[in-house]
Amino acid sequence: MKSLADIAAQLQGYDPQALAVPQVDAFLAQLVQPVTGNETVSIADALGRVTADDVVSPVDVPPHDNSAMDGYAFDGSQLAADAPLQLQVVGTALAGKAWHGSVAQGQAVKIMTGAIMPAGLDTVVPQEFTRPAGDDRVEVPAAVLKRGDNRRLAGEDLKAGRPALARGERLGPAGCGLLASLGVPTVRVVRRLKVAYFSTGDEILSLGEAPREGAVYDSNRYTVRAMLARLGCEVIDLGVVRDEPAQLEQAFRSAASQADAIITSGGVSVGEADFTKAMMRQLGDVAFWKIAMRPGRPMAVGRIAEGDKAAVLFGLPGNPVAVMVTFLAFVRPALLRMMGCRDTAPPPLLRARSLEALRKKPGRTEYQRGIVDTGPDGSLQVRTTGNQGSGVLSSMVQANGLIVLHHQQGNIAVGDPVDVMMFEGIL
Ligand code: AMP
Ligand code: MG
């Protein structure tokens, strides 16, 4: 486990007071490691879990050559380029009910999708291509088919003895189905990541508390919880913690003793007259950053220790949009890495034409809330949601992506292409 000082010493031009977004990525990649510990779960419960080992296919999928269409199976070597082919139908093969008779030249077997190809036959003419040609006979017109058409080969999806899924795969619906197609009822997965979170600030109200002057309801705890749920983490909600040393110490210690990671919001900005930063410093190895980005400038990162246990700390800013943006940009990739995922990259960037002029100062990365759709010419276009204040959470509800204006970029004119990070299904 590297100390923060070790990591900082290796980073070119590390300045905690002015970190560029790519430097934050590089730092966090060094700070967090995959957790250890696996468990076995049933395929029905495997959605979102991360494979702990390569999953080697015990069987060929499909297990036999079979038909991709309803039609007639025959030996395709008889096809001639310029003449129709007449075939006598001598039997029927159904899915799950093979036909075992022998088939001579000039003969065919009526076959349904998924039925095993009878021995010696390699081609299927779809029903709708054929013409009736008298009792028990069909005609295959010339030039509608070539040898091998409409036959699925044994093992064309997955080969016995070869990895069907690599270790570190976060299982989606397709992965769950693929495991089931192997006939395996369970899968070894990395244990779920435990993440504790709490909000700080004396002005923050929990749901159920009566409104009072100057106070706002805690939204961050609910966005954080939901973002963690989408990642499949086990969540530990430690509530709102008052700006008071004993309460903060108790919350941090409790979090570090139970969780792999701790996410806090609020209390890390420059002007904060509070105890949050002091407590982070006291209980752990923590760096306080000013990141060249908007929203999301202040952030604390490090490890908090409790006894022989330590948890990674992500001290996010308090502003609700900043919480979501920093989560997407930094926390999510780091948590994916801790979860043992191979693919920890943020969502890919798309290019869209800006429908608005955007003001942007070079020297920081900006994430503006964008609404992407398809323009009249069929290409992607994007407009902003309006007020880009970092407290305007409604902008995140309206947006379907973040317009990413990179560090060196300046003003954007109407019609300029911009990068957009779509977050549907993630935020
Ligand atoms: P801070 O980073 O603590 O200075 O907070 C920045 C802004 O975010 C302030 O307006 C806070 O009231 C607001 N804020 C902080 N925490 C929360 C929260 N949990 N829910 C909603 N707003 C918050
Ligand atoms: Mg505060």
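Residues numbered from 1 in each chain as written. Chains lettered and ligands numbered in written order. Predicted model: local features only at pLDDT ≥ 70, side-chain atom pairs only at ≥ 80, totals over all residues. Heavy atoms only, no water.

## Remarks on the sheet that holds strand S4 (residues 71–74)
Then, number 1: Strand order in this open sheet of six strands is S7-S4-S6-S5-S9-S8, and the pairing throughout is mixed. Strand pairing shows two members of the sheet lacking a second neighbour, strand S7 (123–126) and strand S8 (131–132), which therefore form its edges.
Then, number 2: The pairing of S4 with strand S6 (residues 107–111) spans three bridges and is antiparallel. Paired with alanine 73 across the strands is valine 109, a residue of S6. (Pairing = 2+ DSSP bridges. Helix = DSSP H or I, 4+ residues; strand = E, 2+ residues; numbered from the N terminus.)

## Some words on helix H3 (residues 173–181)
Residue pairs three or four apart in sequence face the same way in an α-helix, which turns once every 3.6 residues.
Then, number 1: Among all positions in H3, only Gly175, Cys176, Leu178 and Leu179 are buried. Looking down the long axis of H3, one finds its buried residues gathered within 160° of arc, a one-sided arrangement. Structural note: H3 exposes Pro173 and Ala174 on the side pointing more than 90 degrees away from its buried face.
Then, number 2: Those residues of H3 that are buried are in contact with strand S2 (55–56), strand S11 (163–165) and strand S12 (186–190).
Then, number 3: Backbone geometry just downstream of H3 places glycine 183 in the positive-phi region, at approximately 85°. (Buried < 20%, exposed > 50% of the residue type's maximum accessible area, 1.4 Å probe, protein only. Arc of directions from axis to C-beta. Contact = heavy atoms within 4.5 Å.)

## Structural notes on unusual backbone geometry
Then, number 1: In the segment running from valine 61 into proline 62, the intervening peptide bond is cis, with an omega of -5°.
Then, number 2: For alanine 143, which is not a glycine, the phi torsion comes out positive at approximately 65°.
Then, number 3: Within the fold, alanine 143 resides in the loop between strand S9 (137–140) and strand S10 (151–152).
Then, number 4: Of note in the backbone geometry, asparagine 150 takes a positive phi value of approximately 60° without being a glycine.
Then, number 5: With respect to the element layout, asparagine 150 can be found in the loop between S9 and S10.

## A short note on a nonpolar patch on the surface
Then, number 1: Where nonpolar side chains cluster on the molecular surface, the patch consists of Leu207, Tyr217 and Tyr222 and spans about 310 Å² of accessible area.
Then, number 2: Summarising the element assignment, tyrosine 222 is placed in helix H4 (residues 220–231).
Then, number 3: What makes tyrosine 222 partly exposed here is its relative accessible area of 36%. (Patch = residues over 30% accessible without salt bridge, like charges linked within 9 Å, V, L, I, M, F, W, Y side chains within 5 Å. Areas by Shrake-Rupley, 256 points an atom, 1.4 Å probe, with all protein chains shown as cover. Salt bridge = Lys/Arg side-chain N within 4 Å of Asp/Glu carboxyl O.)

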